[in-house]
Every structure is written in structure tokens, then in C-alpha cells.
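Descriptive structure summary
The chain contents come next:
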Amino acid sequence: MFLPETLSEKIIAGEKLMSLRDALVNVHLPLNTTVLHSAQHRLKFEELFYLQLRLLISKQIRMEKQRGLPFEKIGEYFNNFYHHHLPFQLTDAQKRVLKEIRFDCGSGRQMNRLLQGDVGSGKTVVALLCMLMAIDNGYQCALMAPTEILASQHFETIADLLKDMDVEIALLTGSTKASKRKQILEKLADGTLKIAIGTHALIEDDVQFKKEGLVVIDEQHRFGVQQRARLWMKKEEHPHVLVMTATPIPRTLAMTLYGDLDVSVIDQMPAGRKPVITVHRFESQRLSVFGFMKEQIALGRQIYIVYPLIDESEKLDLNNVMSGFESISRDFPRPQYHVSIVHGRMKAKDKEAEMQNFKNGRTHIMVATTVIEVGVNVPNASVMIIENAERFGLSQLHQLRGRVGRGADQSYCILMTGDKVGNDARKRMKIMCETSNGFDIAEMDLKLRGPGDLSGTQQSGVLEFRIADLAKDQAILERAREVAIDLLTKDAHLMLPENNVIAMQLSNAEKQSVNFSRVS
């Protein structure tokens, strides 16, 4: 039986790959395990090679066609803030990332860069310095966040950092009053408002910038592709785009989800920050945990308690946030203690009021769902208690842990589980207690759970492999990407006769229209 090849003869020979026909026969009816592994390797390589090739071509097209706005100088705003108002020394990692961004913005091409950094690594300050760079060159900036809590947090942080500088900024969300919104829109349109921070309210049709030069998107996996694109497709000249995430992404996953982006990583924490002490406690130890909580409150600290569910579930025997709130309120009664509750089904204004009460120190304990996973910054909160911790993945546990440890005091994360937990859960609890590096945790999470379960990746369409496995096939993925880069370096548009078969495969795949999670 004749079966046409789907890779070029050069790649098959160079990578010592089995023919497609032999691979398909031997993956079903192998002569032995050695032949089976060779057949699997061929099919995995091909799958990962074409994925990487499409992502790289996508990036190549963007770089060729989408010219960037020129940021030709580092001027007064950037230098004044950097030398006189920056409240701390930048880490070497932050300085490296800034250099990468400065190069992008001065290259004449549109920047499309993903900025990864663990919780508390200083991404917001890097984004602000980029915005000041844009303002120095006569442009306005937008920072879009997925929730009002996170948008408000960014606004407060940046407003405080810029309080001694003449830079007008505003917060625009769904809760902004009509009169204030009208004023903001007018100032955006005439160019006097330099930085607009907000939620999806920034992408509504009547929001028009006079001269938009930089778009910063935080926790981008929470926005749809079209939502994100609307923020920078309003003008013929596309602004530079900086996408930020505090969700550590394993290298292989980043190469797959964001292979068409340039990636920067802040892999260093600010000096002087104390690591959060993480412990695993069982239900039978709850009274001692309550005693520890009372000790911390007596010291003037505040506490988060996070639950995985809002309401009772007949299928899952879990503590939920409503019954948890009632239980905690009984054990920590008024007037000595004040307990608040926040969950996703609350109205935005009620949620914000409870958050403000906690931030201002009026409540001691915040009982919440994972709505507080991103964007809440309360330096006085020193204890994070995660109920039914076995129900969370490692990366989400790490995100939740990042809500504490933001002040000068020693902070703690307590992972609560039932007295009987499985081996996998015990393994996750042990990793959390022994590891504080988010990127290490993300790699372990990938190996334990597989890519399809990791936060924010299910909807991407990238991870539906027929045979490849990102957790196990990292070496094949990296080699496939190297081969794809080498191919495009020598034949950028696949015009050489030897690459006809590859061009044909790409054309056929294009007709099937797979979305590879592009940012722009």
C-alpha cells in the first residue's frame, strides 16, 4: 500500500525518522517495543513539528506585516520616575525584561510579548515603566484586567507610584458612573488622559484613544481572543502589546500556547521578601489551627480562608463557602472578631465593599472562593488557609498562597484536608510544603496532571493532541521547534521544491482551520 509522505525527505533523513507508512502500521501492529517506540516517535515528532511551524509562521507574518509605532527615546517621564520616584531597586530580572521590551518598541515592528512572573515578582512596575516610555514618545496607554477587583488594584498601585508626577490616569469599569465615564472618554479622545486602567469596559465602541501606543493585558487567559484584539484593532496603526500573567507556565506549555509570541520571564523575587511557610494540616487538627488563627489576629494580622465551592454539592463531600462562613462566624464570634465573605455570585458593589472592609482592617477573617486568587493585595494579611486543598491543582494552590507574604511580617499558608487523602493528594501537599518557586511547581503540575487540566488551557484548542503528550515529550517538542526554526530560516516562505510536501500539509491543515490561541 502506497501512502504519501507528510514530511520532507531531508527532515526524515536528518532526524532518522521511520516512514509514515511504517509508523502507522507499527503503532498498531508493532513487531516489538523498539519498533513501537520508533513509530510513536515519528508520529509525535510530526504532530509537534507542524504545531510549532504554524506558530512560527504566524509570528513571522505578524512581524512582516504589522509595523510598530516607533518609541524613539527614553525621556523625561521614564527617567524622572526611574531616578526619583521608584520606591525600590529593580531586580536584575526586571532590568533584563525592560531591555527586551525597549528593544521591541524601538525596532519598528509591533511588540507582542508575554511577560511571565511569579506572584509578587514586580510585573506591574515593569508595565508602568513601559507605559512611561510610551508617554515619553507622545502616546497613551491602556491596562486591561479581567475583574473590577484586579483593575482597581492596578489603579491604586499605579496612582500611588505616580502621585508625585504629572501623569493623568483614570479607572474605567462597568461600575463607573455615567458622568465620570463621560469625562474619561472626553479626556481619552483629546489625549489629556495618558493611562486608562479598566476591565472589558475599555473595549466598548465609544472608548476611543487619540493616540494609543501601548496595551497591557493582565491575566490574559481570562479574556477571549476577540476581546483582547478589540483593544488594539481600533486604529490602523496597531499599538505595542504586553501580555502579563502571574500563572507560571511550564516551558513546553509556553512554547505550545504562546509559540507565536516573544516571551520574557521575571524569575527573581525582590530582595528582603520572606518565603511563606507552608504546612499541611488534617481535619483532626482543626482546633489547633483555630488557636493559631486567634494568635495571629491578636498580633494584628488578618486571615484568608478559601473554599472550592459556593453551595452544597450532593456529589462532592466538600466544605463550601456558605457553611464555612457560618461555622467560622460561630467559632470567631462578634464583637471580638469580624468575619466577611466574598464569592463570585455576589454583586460587584457588595464584593467590593467586603474587599474594602478587609483591606482597611475592619474585618479580621475573609471567607472566600477562588475569586481572591488574582488581584487582591493586603500586606497585613499573613495567613492563607485553603480548605479541601486536595481539590486544587498545584498551580492554583501556589496562586492562592501568593495572596499572603506581601508585607514585612512572616506569613503562613495552611493546607487543610480530610484525615484520609490519596497518594496523589499527599504528593501535592508535600510539593507545596517544600517548594516555593512557581515555575518548578508548574512543571511538577504538568507532570502530575497533564496539560489539559492546567488553568486556562482547556479552551485553547492547542492541546488536543492525537499522540503527543507535553508532560512526557518535552525533548521531542524542543527538537521539533528547532527543526521548524531552521527550516524557516533557510526557506521563510516554503518556496524550495524540497519543501513542497510541507507547504501542501500546511495548506490542507489551514482548510481545517485550527485556532492556535493567537494573541493578535
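Fair warning: this is a prediction, and the values are worked out from it, not measured in the lab. (Residues numbered from 1 in each chain as written. Predicted model: local features only at pLDDT ≥ 70, side-chain atom pairs only at ≥ 80, totals over all residues. Heavy atoms only, no water.)

**A word on the overall build of the protein chain**
- From N to C terminus, the protein chain includes 18 helices and 13 strands.
- When burial is assessed residue by residue, the protein chain has 52% of its 520 residues classed as buried.
- Residue pairs in contact within the protein chain that sit at least 24 positions apart in sequence constitute 78% of those at least 6 positions apart. (Helix = DSSP H or I, 4+ residues; strand = E, 2+ residues; numbered from the N terminus. Buried < 20%, exposed > 50% of the residue type's maximum accessible area, 1.4 Å probe, protein only. Contact = heavy atoms within 4.5 Å.)

**Considering the pattern of salt bridges**
- Counted by the stated rule, this structure contains 22 salt bridges.
- Of the charged contacts, one joins aspartate 104 and arginine 113 as a salt bridge, the two residues approaching to 2.7 Å between their closest N and O atoms.
- Residue class for aspartate 104 comes out buried when judged on its relative accessible area of 9%.
- The structure contains a network of salt bridges with shared partners spanning Glu5, Arg42 and Glu46. (Salt bridge = Lys/Arg side-chain N within 4 Å of Asp/Glu carboxyl O.)

**Details of helix H3 (residues 33–65)**
- For H3, spanning 33 residues, the distance from its first C-alpha to its last is 48 Å, which sits close to the expected 48 Å at 1.5 Å a residue.
- Capping of H3 at its N-terminal end is provided by asparagine 32; its side-chain oxygen lies 3.1 Å from the backbone amide nitrogen of threonine 34. (Expected span 1.5 Å × (residues − 1). Polar contact = N/O pair within 3.5 Å; in protein donor to acceptor, adjacent residues only side chain to side chain.)

**Here's the deal with the sheet that holds strand S9 (residues 302–306)**
- Spatial strand order, S8-S13-S12-S9-S11-S10: six strands in an open sheet with parallel pairing. Across the chains shown, the open sheet's two edge strands, defined by having one partner strand only, are strand S8 (277–282) and strand S10 (339–342). Direction aside, the axes of adjacent strands within the sheet are offset by 20 degrees on average.
- When strand S12 (residues 381–386) meets strand S13 (residues 412–417), the two strands line up parallel, connected through four bridges. What sits directly across from methionine 384, in S13, is cysteine 413.
- Lying over the sheet, helix H14 (residues 394–401) contacts S8, S9, S12 and S13, oriented at roughly 155 degrees with respect to S12.
- Sheet strands in contact with helix H15 (residues 423–434) are S8 and S13, and its direction is about 150 degrees off that of S8. (Pairing = 2+ DSSP bridges. Axes fitted to C-alpha atoms, helices over the stretch in contact; angles between N-to-C directions.)

**Things to note about the sheet that holds strand S7 (residues 262–266)**
- One open sheet holds the seven strands; their spatial order is S3-S4-S2-S5-S6-S1-S7, and the pairing between them is parallel. The open sheet has two free edges, formed respectively by strand S3 (169–172) and S7, since each of these has just one partner strand. Ignoring which end each strand starts from, the neighbouring axes of this sheet average 20 degrees apart.
- Where strand S2 (residues 140–144) lies against strand S4 (residues 195–198), four bridges are found, and the strand directions are parallel. Bridge pairing in S4 links methionine 144 to glycine 198.
- Contacts from helix H7 (residues 148–161) reach S2, S3, S4, strand S5 (212–218) and strand S6 (240–245) within the one sheet, and its direction differs from that of S3 by about 170 degrees.

**Some points on the packing of helix H2 (residues 20–28) against H3**
- Running from N to C, H2 and H3 point in directions that differ by 125 degrees, and their axes come no closer than 8 Å. As judged from the angle between their axes, H2 and H3 are oblique. At the point where H2 passes H3, the crossing takes the left-handed sense. Judged by residue contacts, Leu20, Ala23, Leu24, Asn26 and Val27 of H2 engage Val35, Leu36, Ala39, Gln40, Arg42, Leu43 and Glu46 from H3.
- A breakdown of the residues in the contact of H2 with H3 according to their chemical character gives eight nonpolar, two polar and two charged. (Parallel < 35°, antiparallel > 145°, perpendicular 65-115°, else oblique. Left-handed = near helix turned anticlockwise from the far one by under 90°. Nonpolar A, V, L, I, M, F, W, Y, C, P; charged D, E, K, R; others polar.)

**Some details on the side chain of serine 395**
- Turning to its location among the elements, serine 395 is positioned in helix H14.
- Those residues in contact with serine 395, other than ones at most four positions away along the chain, are Ile441, Ala442 and Asp445.

**What to know about the environment of histidine 343**
- Tracing the sequence through the fold places histidine 343 in the loop between S10 and helix H13 (348–359).
- Residue histidine 343 is classed as buried on the basis of its relative accessible area of 10%.
- Only 3.1 Å separates the side chain of histidine 343 from the backbone nitrogen of arginine 345, close enough to count as a polar contact.

**Quick word on the packing of aromatic side chains**
- One pass over the full model with this rule turns up eight aromatic pairs.
- Where phenylalanine 45 meets phenylalanine 49, the ring centres are 6.0 Å apart and the plane angle is 10 degrees; that geometry is what we call stacked. Linking phenylalanine 45 with phenylalanine 49, this pair stays in helix H3, spanning four residues, or about one helical turn. Across the pair, phenylalanine 49 and phenylalanine 45 agree in class, each one buried.
- Among the aromatic side chains, those forming a connected cluster through ring pairs are Phe45, Phe49 and Tyr50.
- The residue whose ring lies beneath lysine 211 is tyrosine 139, and the NZ or CZ to ring-centre distance is 4.8 Å.
- The lysine or arginine in question, lysine 294, covers the ring of phenylalanine 332, its NZ or CZ lying 5.1 Å from the ring centre. (Phe/Tyr/Trp six-rings, centres within 6.5 Å; stacked < 30°, edge-to-face > 60°. Lys NZ or Arg CZ within 6 Å of the ring centre and 35° of its normal.)

**Considering the pairing of strand S11 (residues 365–368)**
- By the alternation rule, side chains of S11 split into Ile365 and Val367 and Met366 and Ala368, which are all buried.
- Pairing analysis gives four bridges linking S9 to S11, with the strands arranged parallel. If you follow isoleucine 303 over to S11, its bridge partner there is isoleucine 365.
- Tracing the backbone out of S10, into H13 and back to the parallel element S11 gives a crossover that is right-handed. (Right-handed = clockwise from strand over helix to strand, strands pointing away.)

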